[in-house]
Amino acid sequence: LHQGTAIYSKCVYTSKTNAITIYDALKIAKPGKVIVTLGINAVYSYNSDSFYDNYARLIRKIKEATPNSIIIIGSVLPVTEGWAQSNGVSDCNNRVAYINENLSRLAAEEKCHFLFTYEDFADKNGFLLEKYSGDGIHLSSKGYEALFNYILTHTVDSSGAFTRVGAVRPPVTQ
């Protein structure tokens, strides 16, 4: 989530030997939609205020690079109960819930959409469903497949219209 690595690292390959930054790739591609999802690792790299500030800078840079794109901010997913217990962080998902509240607010402030993936990936106690993770914190291939399918069925089309009402919170207009 560090601004220098999240958007300015040369990690988009235009050929086997030529790489450009995400920022430059967005400027060139001008995609209809940009979906930003950052994982749990970023939540623990910063305090909540720093996380929000860095995320806000990232969203603004994306908007600068591709001003006509629809930007969708995805919620942070929880960790499994077993991972939280074995790592002594029983409050982990409370922090994730707080971060997601802030991301929803950021989406409203920046006139972006907010994709609340959390609800379909959490069990009744708010922990990541075990079937979607191999290590308790990261998604497994089955988890990524479910996330991809969720995005396909819970997003907005290039005109900004919902493909499934209620799954994506629209930008707040004032």
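Structure first, text after, so check above.
**Student:** How should the side chain of Asn93 be read in this particular structure?
**Tutor:** Among the secondary structure elements, Asn93 is positioned in helix α6 (residues 92-109). A polar contact of 3.1 Å, which involves the side chain of Asn93, links it to the backbone oxygen of Gly126. In this structure Asn93 touches Pro78, Val79, Tyr118, Gly126 and Phe127, once residues within four positions along its chain are discounted.

**Student:** How should the nonpolar core be read in this particular structure?
**Tutor:** As a rule of thumb, nonpolar side chains are buried together in soluble globular proteins. One finds Tyr55, Ile59, Ile73, Leu103 and Leu106 to be the most contacted residues of the largest nonpolar core, which totals 33 residues. For this core, the elements supplying multiple residues, two or more each, are α2 (22-29), β3 (33-36), α4 (48-65), β4 (70-74), α5 (81-86) and α6. If one sorts the elements of this core by residue count, α4 sits on top with 8 residues. Residues Ile70, Leu139, Leu147 and Val156 belong to the second largest nonpolar core, which totals 13 residues.

**Student:** Explain the pairing of β4 to me, please; I cannot follow it from the model alone.
**Tutor:** Both faces of the sheet carry side chains from a regular strand, because those side chains alternate between them. With 5 of 5 residues buried, β4 is to be regarded as a mostly interior element. Here β4 shows two buried faces, one formed by Ile70, Ile72 and Gly74 and the other by Ile71 and Ile73. Summarising the sheet, β4 and strand β5 (residues 113-115) pair through 3 bridges and their orientation is parallel. Along β5, the bridge assignment pairs Ile72 with His113.

Rules and cut-offs
Residues numbered from 1 in each chain as written. Predicted model: local features only at pLDDT ≥ 70, side-chain atom pairs only at ≥ 80, totals over all residues. Heavy atoms only, no water. Helix = DSSP H or I, 4+ residues; strand = E, 2+ residues; numbered from the N terminus. Polar contact = N/O pair within 3.5 Å; in protein donor to acceptor, adjacent residues only side chain to side chain. Contact = heavy atoms within 4.5 Å. Core = buried A, V, L, I, M, F, W, Y, C linked by side-chain atoms within 4.5 Å. Buried < 20%, exposed > 50% of the residue type's maximum accessible area, 1.4 Å probe, protein only. Pairing = 2+ DSSP bridges.

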